[in-house]
Amino acid sequence: MPSKVGSAQTSPTLPSPAQGVRWTTPIVETPGIVVLASWVWRLVRFLVTLPFRFPVMVASAAVSAASWYWFGWLGLAVLWATATVASLVWWRVWPDSFRQWVTLRTLAWWRHVFVYRRHWQPVLVISGLAESYQERRYLPRIRRVSCTSWADRVRVTLVAGTSPADFETRVAELAHGFGAPSCRVVVEGPRKITLEFPRHDTLSEPLHAFPMTHHVDLSALPVGVTEDGSEWRLRLHGTHVLVAGVTGSGKGSVIWSAIRATLPAVAEGTAQVWAIDPKRMELSYGRSLFAQYADDGESAVAVLELAVSQMQDRARRYAGRQRSHTPTKQDPFVLVVLDEVAFLTAYHPDRDVRRRAENAIATLTSQGRSVGFSVLAALQDPRKEVMNLRNLFPDKVALRLDEASQVDMILGEGARDRGANAHLIDPGLPGVGYVRMEGSPAPVRVRAAYVADEDITAMADGYGPSENGADR
Ligand SMILES: Nc1ncnc2c1ncn2[C@@H]1O[C@H](COP(=O)(O)OP(=O)(O)O)[C@@H](O)[C@H]1O
Ligand SMILES: [Mg+2]
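For every chain, the first residue of its written sequence is number 1, and the numbers climb from 1 along that sequence. Chain letters and ligand numbers both follow the written order, the letters beginning at A and the numbers at 1. Side-chain atom pairs in this predicted model are given and counted only at pLDDT of 80 or more, local residue features only at pLDDT of at least 70, and totals for whole chains, interfaces and linings cover all residues. Side-chain numbers here rest on the full set of heavy atoms in the structure, without hydrogens or water.

Asker: Where do I start with the overall build of the protein chain in this structure?
Answerer: A run of DSSP states H or I qualifies as a helix once it reaches four residues; a run of E qualifies as a strand once it reaches two. Both are numbered from the N-terminal end. Counting its secondary structure elements, the protein chain contains 13 helices and 14 strands. Note that the radius of gyration is over C-alpha atoms, with the globule rule given as 2.2 Å times the number of residues to the power 0.38. In terms of overall size, the protein chain is more extended than a compact globule, its C-alpha atoms giving a radius of gyration of 35 Å where 472 residues would be expected to give roughly 23 Å. Seen through its C-alpha atoms, the protein chain measures out along the principal axes to roughly 110 × 95 × 45 Å. Each residue gets one of three labels from its accessible area relative to the maximum for its type: buried under 20%, exposed over 50%, partly exposed in between, using a 1.4 Å probe on protein chains only. The proportion of buried residues among the 472 residues of the protein chain is 42%. Summarising the internal contacts of the protein chain: among those between residues at least 6 apart in sequence, 63% fall at separations of at least 24. Note on contacts: a residue pair is in contact if any heavy atoms of the two residues lie within 4.5 Å.

Pasting the structure below:
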């Protein structure tokens, strides 16, 4: 029986406290010499490992002690020790700021001395930006090198008689010369420029679709990020946007990010999205989000011509009374999204469809801006014979392109010389491209956020027919 077994194991032989016997743990005394040896060992271990654990602190204390002991510079020793303690406090209390400040400063010094100053003259002479090895006077001067978390910024004073454009046309040589993936020239003032050399690719990781906000600014819709980590904002109101890139370059992510950012205004009734999807691959997922939708030649032309007639009605109403458009429920902003536009204007077998589509797009893009009609079109091949309406789009995005010559066709003359190497974009980085920001000729590298099919389904569920006030 368990109780018997239990009672057999509890010791009837052990006397209980009640019987008056106390048990004490036997004490074995450690010999003093062993204790001493243990303490000495710990001290030695601490002192030996100290320089490895806190190298800066130990070096600093050594400098402090040495300047006092050997040179008798007590003031310097005290100053040095105070600076060390202050640094330690900074490090303990604000570790991030300390790390960033100290690390980036040290890195900037290192890069200045061992990369830029060291290779400056040969790289500039060989790339044709300086005259000769002998004439140091004609060498542009490095004023300062600073580091951000992703790039080196080299401030340069130009030699009289040269211009920032000389550097802009040599960005490929400069990037290769200093071992950077690219180079960007920023004009700071008369004879002052900054060369920006990324140290690594900040756009190598895909970006999830942005969360939707209630406030919609149609002139600055968040659609992705730029290389320096800031938001890439796309203007749609008052302009037209052409997105060019080969198949698989991620045109869909630019289009969907723009639609996603517009949706809250669609729900409010102050914007509408009209979609034309000749390949039936891109936009059909979100069909319920669109006020108008077409996916074959005839219906696409009908939708485009409807947009033209509504735009002209609005223009007639505004004539002489109103110069610009403000989105309202009566006069919403209309975004006409055209995927694979060349299917309509160049490849459609029916000549009449091609001609009517081209006319309608030309009318919309030339007259729609001031009355709240914008076209967002995607295109694979930017050559003139395929798309001679290119110049009617004031804003353009160059994703991965086939040929170097196509870069300037999209981003304008000189864009490739200024570093927009859209033809060299890695096929493994869909959604990466180059744009020109307002007021700056220098192209900026960007990546669009990726709106996955699940995001589109969620958008259609959240902003579908019942929420979307538009007529269908
Ligand atoms: N911004 C992006 N970030 C990450 N992956 C993307 C992005 N855009 C597209 N992709 C991936 O690339 C594939 C092709 O993109 P898609 O937009 O269909 O290209 P396109 O319309 O230019 O032919 C998509 O299925 C997706 O997997
Ligand atoms: Mg596509």
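Once the structure has been displayed, the description carries forward.
Asker: For this particular structure, what's the right way to read the site of ligand 1?
Answerer: Here a residue is considered near a molecule or strand provided that any single heavy atom belonging to it is located within 4 Å of it. Inspection of the region around ligand 1 gives 15 residues, with G248, G250, K251, G252 and A448 positioned closest. Polar contact is defined as a pair of N or O atoms within 3.5 Å, subject to the rule that within protein one atom must be able to donate a hydrogen and the other to accept it, and that residues adjacent in sequence are counted only when both atoms are side-chain atoms. The side chain of E282 places a nitrogen or oxygen atom 3.4 Å from an oxygen atom of ligand 1. Interatomic distance of 3.4 Å between a backbone N/O atom of P430 and a nitrogen atom of ligand 1. Considering ligand 1 on its own, with 550 Å² of exposed area, one finds that the protein chains cover 74% of that surface. Among the secondary structure elements, those contributing two or more residues to the shell around ligand 1 are α8 (251–268) and β14 (443–448). It is α8 that contributes the most residues to the shell around ligand 1, three residues altogether. Here the shell around ligand 1 is built from residues that sort into five nonpolar, seven polar and three charged. Note that accessible areas follow from Shrake-Rupley with a 1.4 Å probe, and for residues the cover is restricted to the protein chains shown. In this classification, Asp, Glu, Lys and Arg are treated as charged, Ala, Val, Leu, Ile, Met, Phe, Trp, Tyr, Cys and Pro as nonpolar, and every other residue, Gly included, as polar.

Asker: Would you take a moment to explain helix α13 (residues 453–463) for this structure?
Answerer: An α-helix turns once per 3.6 residues; consequently, residues spaced three or four apart project the same way. Among the residues of α13, I456, M459, A460 and Y463 are the ones counted as buried. Within α13, the buried residues cover an arc of 100 degrees as seen down the axis, which keeps them to one side. Turned more than 90 degrees off the buried face of α13, the exposed positions are E454 and D461. Its buried side turned inward, α13 meets α8. The arc in question is the one spanned by the directions pointing from the helix axis to the C-beta atoms.

Asker: Teacher, can you tell me more about the confidence of the model for the protein chain here?
Answerer: The predicted structure's coordinates, where accompanied by low pLDDT, should not be read in detail. Per-residue confidence for the protein chain gives a mean pLDDT of 86; residues scoring 70 or more make up 91%. What pLDDT conveys is the predictor's confidence in a given residue, as a value from 0 to 100. Every residue in residues 1–18 is under pLDDT 50, and counting partners more than four places away or in other chains gives four contacts. Counted against residues more than four places away or in other chains, residues 467–472, with its pLDDT under 50, gives 18 contacts.

Asker: How should I be thinking about the domain arrangement of the protein chain in this particular structure?
Answerer: How big an interface is tends to be expressed through the accessible area that disappears when the partners come together. Each domain's extent was defined by an automatic or database domain assignment. Domain boundaries in the protein chain define domain 1 (48–93), domain 2 (98–198) and domain 3 (221–463). Between the C-alpha centres of domain 1 and domain 2 the distance comes to 35 Å.

Asker: Teacher, can you tell me more about the pairing of strand β7 (residues 241–244) here?
Answerer: On any regular strand, side chains alternate: one points to one face of the sheet, the next to the other face. Every second residue of β7 is oriented toward a common face, with V241 and V243 on one face and L242 and A244 on the other, all of them buried. Strand pairing requires that DSSP identify at least two bridges connecting the strands. In this structure, β7 lies alongside strand β12 (residues 395–398), joined through four bridges in parallel fashion. Bridge assignment links V243 to a residue of β12, and that residue is V397.

Asker: Even after reading the chapter, I still don't get the pattern of salt bridges, so can you show me in this structure?
Answerer: Side chains that differ in sign of charge can pair as their charged atoms come close. Basic side-chain nitrogens of Lys or Arg form a salt bridge, by our definition, when they fall within 4 Å of a carboxyl oxygen of Asp or Glu. Inspection of every chain in the model, using the stated rule, returns 16 salt bridges. Of the charged contacts, one joins D201 and R445 as a salt bridge, the two residues approaching to 3.0 Å between their closest N and O atoms. Of this pair, D201 sits in the loop between β4 (192–198) and β5 (221–226) while R445 sits in strand β14, and the two are 244 residues apart along the sequence. The partly exposed category is assigned to D201, whose relative accessible area is 26%. Across the salt bridge formed by E340 and K279, the nearest N and O atoms sit 3.6 Å from each other. Of this pair, E340 sits in the loop between β10 (333–338) and α10 (342–345) while K279 is found in the loop between β8 (271–276) and β9 (292–294), placing the two residues 61 residues apart along the sequence.

Asker: Explanation requested: a positive patch on the surface in the structure shown.
Answerer: Like-charged residues are merged into a patch within 9 Å and nonpolar side chains (Val, Leu, Ile, Met, Phe, Trp, Tyr) within 5 Å, provided each residue has over 30% relative accessible area and no salt bridge. Two residue types count as positive, namely Lys and Arg, and two as negative, namely Asp and Glu; His and chain ends fall outside the count. Think of each charge as sitting on NZ of Lys, CZ of Arg, CG of Asp or CD of Glu. Side chains of R141, R143, R191 and K192 sit close together on the surface and give a patch of like positive charge. Looking at the element boundaries, R191 is found in the loop between β3 (184–189) and β4. Under the relative-accessibility criterion, R191 is labelled partly exposed at 44%.

Asker: Looking at this structure, I do not really get the pairing of β10. What am I missing?
Answerer: A large share of β10 lies buried, amounting to six of its six residues. Covered by surrounding structure in β10 are F333, L335 and V337 together with V334, V336 and L338, the residues of both alternating faces. Strand direction decides the pairing type here: β8 and β10, joined by six bridges, are parallel. By the bridge assignment, I276 is partnered in β10 with L338. Note: β10 against strand β11 (residues 373–379), five bridges, orientation parallel. Across the sheet, the residue bridging to V337 is L376, located in β11.

Asker: Got a minute to help me understand the side chain of T194 in this structure?
Answerer: As for its placement among the helices and strands, T194 is situated in strand β4. At 2.4 Å, the side chain of T194 and the side chain of E188 are in polar contact. Residues contacting T194, with those up to four places away along its chain left out, are R153, V154, R155, R184, V185, V186 and E188.

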